[in-house]
Structures are given as structure tokens and as C-alpha cells.
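Single-letter residue listing:
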Amino acid sequence: MIEPRPAYSDPFDPEVLRTLDRIDGVEDISPEWAWGNSTGRGVRVAVIDSGVDAGHPAVGGHVEGYVAITEGADGLVYDDAPHEDVFGHGTACAGIIRSLAPECEIYSVRVLGRRLGGRGNVFAAGIRWALENGMNVCNLSLGTTKQAFYETLHELADLAYFRNTMLVTAANNMPTPSFPSVYASVIAVAAHAGHDPYLFYYNPEPPVEFGAPGIEVRVAWSEGGYVTTTGNSFAAPHITGIVAKILGKHPNLTVFQMKGILHALAANVVPAHDRLQPLDEHVGEK
Amino acid sequence: MPEGNEDLTEARRTIQEQQQEIERLRRRHSDERFAEDLRDALTLAATTGAIAAPSQHSVLLQSIVETAARVIPSDAASLFLVDADAQELIFEIALGQKAEEVKSFRVPLGHGIAGLVAVSGQPMTVSDVERDPRHASDISVRIGYTPRSILCCPLVYNDQVVGVLELLDRRGASAYSPADIDLLWHFANQAAIALEQSQTYRNLTRIITTVMENAGQTDGTQGGFTRRTESFVRNLEEDQVYRRSLALADLVREIAWKGEDELALCEQVLRAFAHYLSARTSPMAGLEADP
């Protein structure tokens, strides 16, 4: 798993040291700067879930790629034929992402099936597939509480971080830690009660770092239907959609830059000189 | 001829004696094996801390579901168990007007809201159930009851989903809130522990029953031993020795939690002490009953 690396000082040799673009000052980061006119075009988003129903109006009739991972007798089986959504959960996430980034590419990585058991392995394989297939963002509205997968998922989350693949994860809906949402290398999201899809908060007490709409939200579901439901599962794709929009306009951002931009745009993050004013005046501006 | 008769009588007597000896040895062996099996069963009980009776567990589960439905005011509630072999959910407890009717249903995993919660391991609320394709509407139609709102929470024990706790029709609100989810999670936790203890007790009872049945089959002379064992098992909860063993098992478990090294040291100390005791000449040694 761990690949041999060159000496860690090699990249800083004057012969090879690269010059990179600096992002604008934090005071200049506005929604317009971050995602104005971006549709998420060219950004590859993996929805690692129960499948995506491409035909659902909320998804917009197209899914760019599929892989369904299952446990077979001789190990994991990868099927890249178009598939359906087993439950509707993945379609709900894809619908939210497309509502924010209508031209992003969606790849349905199906890891959730109708049977219990073996889910941890399949789930980890889904993340690995996304990393090996050049995904820019992964929506993980699921996780595992199984300690046995702590290490594997931690390693994958770090690998994603180093490759600039954003793992947007839903925090567990129950007060037990779920992986990979508790790792520092991912963007962990929980639900707030608002309904403005562009309104999100930063939580100064991680592991949950961002709050997005996910309470009593109307989402796409199976058989072309819609449901009103509650869960962090539906908050994460709101941030995934925004991340896809930002990457559409600013490709090659690192995960830490993305977190910095999201922090600057969070509704509860205000310039220090404005702090004396009530918070409500700022809510909804972004 | 008389000599031949005497020989024959002598031979019969020898055979009879040998048969008795074989029978005695067989009984003794069987008793020893029985004792071994019983010790295993008790070890299982001690390590899991299963002491309550199964009837108490079902009363406890019923009470947990009732209390959940009272604290989070709801018209109906159900508790499902996961049947991992059949990949189905079975109704264990059902409260509400249609309780008796729903009890006969089995829900395939991934079917309906309870089935989805079992597979995803995540709680879920729905507030427009009639239009919700997730809801197992065939059951609603068959029993003539369609809830308006649903809150469903998995029962997780040792990282495994062992069941699902579901509340139907929130009173005083159109939907279940995030605070309700959080609250139900605590009830689901209680139920998962109760369920797991009940399962362990059932396993234990099955082992003891099997052991006793096997012992009973050998012959009738073991009645005394079997009766003593039955009485011992019956009085398990009051038995002081058992309780002390349980406390000791808990102590060792507590040490085991500290780490591998601590457990190894604990084992070493106990073994050394046991070795010292067995090497010491016991004043009781001469009183040991000869079998």
C-alpha cells in the first residue's frame, strides 16, 4: 500500500522547486469569487452510496460512470455496467449535488446493498476506486462505526488528502464516532435546520467542521419520487455541491485551501470588526 | 460336569464384574465430561455477566419500547430483530392499535424504512409517509394503517446491527425532530444491551439443557447429580460461589481492558499462585472421597 517515495527534501531543491498560484487574500474571498458562474463543469464527483438513478429529474438524466462493488466468493467484484439505486439514498445525494453544480460529472460508486455484512471492505474499496480513478470530490453520506476499519480508512483518507481529493463525509447521526468522518483529513458535515442551500456554518469544535441543510429537507428518492427527511446524509451533499462549484472555478485546490475557503464563506464567520453586530445580520448574506 | 458348571458360573461372575466396572468407568467419564461442559457453560455466563432470566429480558424490552413511545409521544412503536440467516427483520415487540396484526410480518432487509435503517445503520425520519416510496406500503395496506410520521433507529451491539426500534406518528408535531432522534438512540442502546444479554442467556440455557439431556440419556443412576445440577442452575443467581466467580471474572476483564501486557502479567500471577497452592501439602488431601 505504501509506495516508495523520493527523499522528502527533493521537492525543495532549487532545480525542481515549483512556483504555485497564491489564492487571493481571505478578505477577498466572496461567494462570487469562490463559485460565481461555476456549474461544476469538468469536476468529477463520486457518490459512494446505494447507487444513483440517472433517470430521476433531480439528477438530470445523466450519470457519467458506474461501478458496483460486491463481495464475491473469490474477493471483491467490480461491475461497471449502469445500475439502479437500491434504496434511493444515493439518488437523494446526487440530486442535491446537481442542484448546486448542475454540470459536474457524477460517478455512482455503489457500495450499499440489500444485505448486511462485508460492508466495511466494500466501503473502503469504493473510496480506493475513487482515488484510483481520478475523482476530485467524493460524497460519503455513510460511514462505519467498526473499529476494525479505523486504520484502513485512515490511510485512505490521508491518501485522498495528499492527492487533493476532497472527501466530504456525513457525521454519524448517532453520538458514536464513525469512520472516516472523524479524521482531520476529511470535510465532515452535520445538519442544521436552515433551508438555504448556500448557507453553511463552521463549527469551531471539530471533528464536525461544517453544518449544512439536512433537517426536514425534500430530496429525490427512488422511483422518481421525493421524500421529506432528516439526516446528516443530506447535509454532506450540500457541501459536496459547493465544493464541486468551487473546484469548477478553481481547480487544483488542496484540501486545506478548500477548508480555508469554506471557513471564510461560512455564515457564522465574520470580520472581527463586525463582531459587535448581531450574528443574524450576516446570516443569509452568503 | 459340575466342574464345568462352576467354571461357567465363575466366568459369568467375572463378566458381570467387568461389565459393572466398565459401566462405573463410563459413568465416571460421563460425569467428568458433564462437569467440564457445565464449567464451560458457567464460564460463558461469568464472562458475559448474563444473570437475569429471559422472561425479565422480554419485560425489559417491552418496557423500553413503551417508555420510548411515552417520552417521545407516539401513537405506535415496534421493535424488530435482525434474522441474519434469512436477511429479514422480525417483529419482537409491537405497540399500538394494530400491534397484533403487524406481529406476523417479516420485513426483508432493505425493504421499507426499518429495513433501510437496518442496512445503513443510520437513524431516519420521514414526515410524509404516504408519499414515501421507502415505506413498506404493502404492510400499511394490509393492516389498514398508514402513519404520517416515522422515526427509526438501529440497535447496534458490538458494531453489529441487531435490530431496529421504530416510532410511528409523533403526537403534537408533524415530524420527529433531531432531538427525538438523539433521545431514541439512547433507548435503542438500552434495548440492544437487553437483547444481547437475553441472547447470551438463551445460549447458556441451551448449552445447559443439552448437557443435562445428554447426561440423562446415559442411565438412571445419575439422577442425583443431574438433580443437584438442576438445582444449582436454578439457584445460579443466588449462589454465592457463582457471584464471587462473576466478580472475579469482571476483575480479570477489567485488567484485560488495560492491555495485553497487563493481562499476561495477571495470568502469570494467578498461575503462579495456583501452582504454589497445588504444590503445598493440603491437610484436606487425605479426606478426599474415593470414587
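Conventions used here
- Residues numbered from 1 in each chain as written.
- Chains lettered and ligands numbered in written order.
- Predicted model: local features only at pLDDT ≥ 70, side-chain atom pairs only at ≥ 80, totals over all residues.
- Heavy atoms only, no water.
- Helix = DSSP H or I, 4+ residues; strand = E, 2+ residues; numbered from the N terminus.
- Buried < 20%, exposed > 50% of the residue type's maximum accessible area, 1.4 Å probe, protein only.
- Contact = heavy atoms within 4.5 Å.
- Areas by Shrake-Rupley, 256 points an atom, 1.4 Å probe, with all protein chains shown as cover.
- Pairing = 2+ DSSP bridges.
- Axes fitted to C-alpha atoms, helices over the stretch in contact; angles between N-to-C directions.
- Salt bridge = Lys/Arg side-chain N within 4 Å of Asp/Glu carboxyl O.
- Patch = residues over 30% accessible without salt bridge, like charges linked within 9 Å, V, L, I, M, F, W, Y side chains within 5 Å.
- Disulfide = S-S within 2.5 Å.
- Core = buried A, V, L, I, M, F, W, Y, C linked by side-chain atoms within 4.5 Å.
- Parallel < 35°, antiparallel > 145°, perpendicular 65-115°, else oblique.
- Left-handed = near helix turned anticlockwise from the far one by under 90°.

Caption draft 1: Structural detail: the overall build of chain B. When helices and strands are counted, chain B shows nine helices and six strands. Within the span of chain B, comprising 291 residues, buried residues form 38% of the whole. Counting contacts in chain B only where the partners sit at least 6 residues apart, residues at least 24 apart contribute 60% of the total. As displayed, chain B offers around 17400 Å² of accessible surface, 53% of which is attributable to carbon and sulfur atoms.

Caption draft 2: Representation of the overall build of chain A in the model. Regarding its fold elements, chain A presents six helices and eleven strands. Scored against the burial criterion, the 286 residues of chain A give a buried share of 52%. Here the contacts in chain A between residues at least 6 apart in sequence split such that 69% fall between residues at least 24 apart. Of the accessible surface of chain A, which amounts to about 13300 Å², a share of 52% is contributed by carbon and sulfur atoms.

Caption draft 3: Broad picture of the sheet that holds strand β1 (residues 44–49) of chain A. Residues and elements named next belong to chain A. Across the sheet, which stays open at both edges, the nine strands sit in the order β3-β2-β4-β1-β5-β6-β7-β9-β8 with mixed pairing between neighbours. At either end of the open sheet lies a strand with only one pairing partner, and these are β3 (75–79) and β8 (201–202). Inspection of the sheet shows β8 paired to strand β9 (residues 210–213) by two bridges, in the antiparallel sense. Within β9, the position partnered with Y202 by the bridge is F210. Relative to the sheet, helix α3 (residues 119–132) contacts β1, β2 (65–72), β3, β4 (105–110), β5 (137–140) and β6 (166–170), its axis offset from that of β2 by approximately 145°.

Caption draft 4: Highlighting the pattern of salt bridges. All names here are of chain A. Enumeration over the complete set of coordinates arrives at nine salt bridges over all chains. For K259, the salt bridge identified is with E209, shortest N-O distance 2.6 Å. Of this pair, K259 sits in helix α6 (residues 255–265) while E209 sits in the loop between β8 and β9; the two residues are 50 residues apart in sequence, bridging distant segments of the chain. Look at K259 and you get buried, because its relative accessible area is 13%. Assessed through its relative accessible area of 13%, E209 is described here as buried.

Caption draft 5: Expanded view of a nonpolar patch on the surface. A grouping of F273(B), Y276(B) and L277(B) is seen on the molecular surface, where their side chains present a nonpolar patch of about 310 Å² in accessible area. For Y276(B), the position within the fold is in helix α9 (residues 260–279).

Caption draft 6: Summary view of the state of the cysteines. Residues and elements named next belong to chain B. Tallying each qualifying case throughout the model produces zero disulfides over all chains. For C153, which is in no disulfide, the shortest distance to another cysteine sulfur is to C152 and amounts to 7.8 Å. Taking relative accessible area as the criterion, C153 reaches 0% and is therefore assigned buried.

Caption draft 7: Structural context of the pairing of strand β7 (residues 187–192) of chain A. Residues and elements named next belong to chain A. Judged by how many residues are buried, β7 sits mostly within the fold: five of six residues are covered. As paired strands, β6 and β7 are joined by three bridges and run parallel to one another. The residue of β7 that forms the bridge with V168 is I187. With four bridges joining them, β7 and β9 adopt parallel strand pairing. Note that in β9 the partner of A190 across the bridge is G211.

Caption draft 8: Quick look at the nonpolar core. Within the largest apolar cluster, 109 residues are counted, with the highest numbers of intra-cluster contacts made by I48(A), I239(A) and L262(A). Residue contributions to this core peak at eight residues, all from α3(A). Residue contacts for L262(A): discarding those within four places in its chain leaves I187(A), F200(A), F210(A), I239(A), I242(A), V243(A) and I246(A). In this structure, I72(B), L167(B), Y176(B) and A192(B) belong to the second largest nonpolar core, which totals 28 residues.

Caption draft 9: Highlighting the sheet that holds strand β2 (residues 88–95) of chain B. Pairing is antiparallel in the open sheet, where eight strands are placed in the order β10(A)-β11(A)-β4(B)-β5(B)-β6(B)-β1(B)-β2(B)-β3(B). The sheet terminates laterally at β10 (217–220) of chain A together with β3 (106–108) of chain B, the two strands that pair on one side only. In this sheet, adjacent strand axes meet at a mean angle of 30° when their direction is disregarded.

Caption draft 10: Up close: the packing of α3(A) against helix α4 (residues 150–162) of chain A. Residue and element names in this part refer to chain A. Two numbers describe how α3 lies on α4: the axes approach to 10 Å, and their chain directions differ by 15°. Classed by the angle they form, the pair α3 and α4 counts as roughly parallel. Where α3 crosses over α4, the handedness of that crossing is left-handed. Here F123, A124, I127, R128 and L131 of α3 come into contact with α4, specifically with T152, L153, L156, L159 and A160.

Caption draft 11: Examining the pairing of strand β1 (residues 74–83) of chain B more closely. Residues and elements named next belong to chain B. In terms of burial, β1 is a largely internal element, nine of the ten residues being buried. As paired strands, β1 and β2 are joined by seven bridges and run antiparallel to one another. Bridge pairing links S78 to A94 in β2. The antiparallel hairpin formed by β1 and β2 contains four residues in its connecting segment, where Q87 sits at a positive phi of about 55°.

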